[in-house]
Amino acid sequence: MKDIDLNYLCTVIGNLAGIPIRTYKNDEQVFYHSLVELPKDPLTPYLSDIFAIKAHIGYFITPYFNYYGVVNCPPYKIVIGPSRHSSVNDRDLRELSFKCDVAPDDVDEFVSSMKSIVQMPLSSIVQILCTMNYVLNDEKLSLEDIQIYDSEQQDLKEIIESERTNQKFYGSDAEDIQKQQAVHNTLALEQTIVNIVRKGDTAALREWVKNAPAVRGGILAADGLRQMKNTFIVTATLISRAAIRGGINIDDALSLSDAYIQKCDLLNSVDRITNLQYHMILDYTEQVEKLKKGKSPSKLVIDVSNYVQHHLSEPIDVEALAKSMFLSRTYLATKFKKESGTTLTDFILKEKVEEAKRLLRYTDKHATAIAVYLGFSSQSHFANVFKKYTGKTPSEYRKLHTK
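This one's a predicted model, so the numbers in the text were calculated from it and none came from an experiment.

Next up on the list: the overall build of the chain. Helix and strand content of the chain: 19 helices and 6 strands. Within the chain, buried positions represent 48% of all 403 residues. Considering only contacts in the chain between residues 6 or more positions apart, those separated by 24 or more positions represent 68%. In the form shown here, the chain has an accessible surface area of approximately 19,600 Å², with 51% of it arising from carbon and sulfur atoms.

Next comes the structure, spelled out in structure tokens:
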């Protein structure tokens, strides 16, 4: 590498971009600079993914649609991020703080600080990476030379390939499109998928995918890849609207749609777009499913469900919940019980237990940390509530569901 002051270079880039930047030498951090003070580095849960990037330039997109840019100049690795194209909600930031082991007293600061980081299109991040790469590696690269790294998508591909039994979920190659351009079978399939999302029926979605017919849509572009991207945009629009009809908060649904469309636009493989599309539809369906309590939940029940989903990581105050809906606590409790068949307290605790089950199965966080994250007064209170609704202690549940 040239005789370059890396700390100076990174400081200037960090100041210009307004995004955290750090340098590693042989995978050990030797420099960090950020205009925003964060209690914990949000990169922490993704270090192994970042270290796996060996190309001179790469970028990694997290499940929350934050992205990190990487420049490698052995033995150094420079990582800039996170940034994103659109705003992020508090719920996702609180879950990220949990994954980063942020102390409970620092969670609000973490959420606030993350919101202060400059939002920037990924293309701008890539331009920064290309500039740094030219300085460090004397190499000229552009966006089309740079690979997206997303371990979630790679894992998803394996899952979907087994579930789809070698059938495409959406789309076909360019030759098939041109052969079948006069045949349109999208309307029936569109209605099927939209209804599944609106109802939040994940079981029906997975069953449908196993035997899904190929979609033969109209020509939206001259080449197969552009066709898939255009189809994806149309699908995202339809699915987000179906999810809104299913009860999802409008801002949440549209922000998620924007994030998925932006991510799709970065992909250069029909298979990866297909996988992302399935993941998007499943994501929306699961979110609606969380809100649906009973076959025909009332607007009140859906509104309460939305509130609870947005405040799972806090001690939920029924008084505050009622106030947010412009109702008295007594009236809300009575009406909710009548329309849902369960008490508000039971409903809230069951939702927290469902989230705890997910965290016990898919993270290695200790039960005490999960209890704090979900707003329980103590680990023993959490354990008692968990056993009440599942019949098992948190440790018994984890042992049963962990391979």
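Turning to a nonpolar patch on the surface, a few remarks are in order. A cluster of nonpolar side chains, namely Tyr8, Val12 and Leu16, defines an oily patch on the protein surface of about 350 Å² accessible area. The residue valine 12 is located in helix α1 (residues 6-17) in this model. When its relative accessible area of 31% is taken as the criterion, valine 12 is described as partly exposed.

Before going further, it helps to examine the confidence of the model for the chain. When pLDDT is averaged across the chain, the result is 82; 83% of the residues are at 70 or more. Ranking the elements of the chain by mean pLDDT puts helix α7 (residues 174-179) last with 42 and strand β1 (residues 21-25) first with 96. Contacts from residues 157-185, a stretch scored under 50 in pLDDT, to residues over four places away or in other chains number 53 contacts.

For the rest of this paragraph, the subject is the packing of α1 against helix α5 (residues 122-137). Contact geometry of α1 with α5 gives a least axis separation of 12 Å together with a crossing angle of 165 degrees. Judged by the inter-axis angle, α1 sits roughly antiparallel to α5. For α1 against α5, the interelement crossing comes out right-handed. On α5, the residues touching Leu6, Leu9, Cys10, Ile13 and Ala17 of α1 are Ile128, Met132, Val135 and Leu136. For the contact of α1 with α5, the class distribution of residues is 9 nonpolar, no polar and no charged.

Moving on to the packing of aromatic side chains. Applying the stated criterion across every chain yields a total of 8 aromatic pairs. Between the aromatic rings of tyrosine 46 and phenylalanine 60, the centroid separation amounts to 5.8 Å while the plane-to-plane angle is 45 degrees, which identifies the pairing as tilted. Here tyrosine 46 is found in the loop between β2 (28-33) and α2 (47-51), whereas its partner phenylalanine 60 is found in strand β3 (residues 57-61), with 14 residues between them in sequence. Residue classification places tyrosine 46 among the buried positions, given a relative accessible area of 7%. Seen from their ring centres, phenylalanine 98 and tyrosine 373 are 4.4 Å apart, and the 25 degrees between their planes marks the pair as stacked. Of the two residues, phenylalanine 98 sits in helix α3 (residues 90-99) while tyrosine 373 sits in helix α17 (residues 367-373), which places them 275 residues apart along the sequence. Through a chain of ring-to-ring contacts, three or more aromatic side chains come together here, namely Phe376, Phe382, Phe386 and Tyr397.

Moving on, we get to the nonpolar core. Formed by 50 residues in total, the largest nonpolar core has its most connected members in Ile78, Ile80, Leu122, Ile125 and Met132. Among the elements that make up this core, the one with the highest residue count is α5 (8 residues). Here isoleucine 125 is in contact with Ile19, Tyr67, Gly69, Ile80, Ser83 and Met120, once residues within four sequence places are set aside.

Moving on, we come to helix α16 (residues 344-362). Here α16 is 19 residues long and its end C-alpha atoms lie 27 Å apart, about the 27 Å a rise of 1.5 Å per residue gives. All of the buried residues in α16 are Leu344, Phe347, Ile348, Leu349, Glu351, Lys352, Val353, Glu355, Ala356, Leu359 and Leu360.

The final tally for this structure, using the stated rule, is 11 salt bridges. Aspartate 303 is the partner of lysine 299 in a salt bridge, and the nearest nitrogen-oxygen pair spans 2.7 Å. With a gap of 4 residues between them, lysine 299 and aspartate 303 both fall in helix α13 (residues 299-310), about one helical turn apart. Of the residues examined, lysine 299 reaches a relative accessible area of 62% and is grouped as exposed. Among the salt bridges present, the one from arginine 358 reaches glutamate 355, with a minimum N-O distance of 2.5 Å. Linking arginine 358 with glutamate 355, this pair stays in helix α16, spanning 3 residues, or about one helical turn. Judged by its relative accessible area of 29%, arginine 358 is partly exposed. Connected through salt bridges with shared partners, the residues Arg94, Asp108 and Glu314 form a single ionic network.

A few words now on the pairing of strand β4 (residues 67-73). The buried fraction of β4 is high, at 7 of 7 residues. Residues Tyr67, Gly69, Val71 and Cys73 line one face of β4 and the alternating positions Tyr68, Val70 and Asn72 line the opposite face, and both faces are buried. In the sheet, β3 pairs with β4 via 5 bridges, with the strands oriented antiparallel. Looking at β4, one finds that isoleucine 61 is bridged to tyrosine 67. Counting the residues between successive antiparallel strands, the hairpin from β3 to β4 contains 5 residues, one of them, phenylalanine 65, with a positive phi of roughly 70 degrees. Across 6 bridges, the pairing between β4 and strand β5 (residues 76-83) is antiparallel. By the bridge assignment for β5, asparagine 72 is matched with lysine 77. Adjacent in sequence and paired antiparallel, β4 and β5 are bridged by 2 residues.

The next point concerns the environment of histidine 85. Residue placement: histidine 85 occurs in the loop between β5 and α3. Given a relative accessible area of 40%, histidine 85 falls into the partly exposed group. Residues histidine 85 and aspartate 258 lie 173 residues apart in sequence; the distance between their C-alpha atoms is 8.9 Å. Excluding its chain neighbours within four sequence positions, the residues that come into contact with histidine 85 are Tyr67, Gln119, Met120, Pro121 and Gln262.

Procedures and definitions
Residues numbered from 1 in each chain as written. Predicted model: local features only at pLDDT ≥ 70, side-chain atom pairs only at ≥ 80, totals over all residues. Heavy atoms only, no water. Helix = DSSP H or I, 4+ residues; strand = E, 2+ residues; numbered from the N terminus. Buried < 20%, exposed > 50% of the residue type's maximum accessible area, 1.4 Å probe, protein only. Contact = heavy atoms within 4.5 Å. Areas by Shrake-Rupley, 256 points an atom, 1.4 Å probe, with all protein chains shown as cover. Patch = residues over 30% accessible without salt bridge, like charges linked within 9 Å, V, L, I, M, F, W, Y side chains within 5 Å. Salt bridge = Lys/Arg side-chain N within 4 Å of Asp/Glu carboxyl O. pLDDT = per-residue confidence, 0-100. Axes fitted to C-alpha atoms, helices over the stretch in contact; angles between N-to-C directions. Parallel < 35°, antiparallel > 145°, perpendicular 65-115°, else oblique. Left-handed = near helix turned anticlockwise from the far one by under 90°. Nonpolar A, V, L, I, M, F, W, Y, C, P; charged D, E, K, R; others polar. Phe/Tyr/Trp six-rings, centres within 6.5 Å; stacked < 30°, edge-to-face > 60°. Core = buried A, V, L, I, M, F, W, Y, C linked by side-chain atoms within 4.5 Å. Expected span 1.5 Å × (residues − 1). Pairing = 2+ DSSP bridges.

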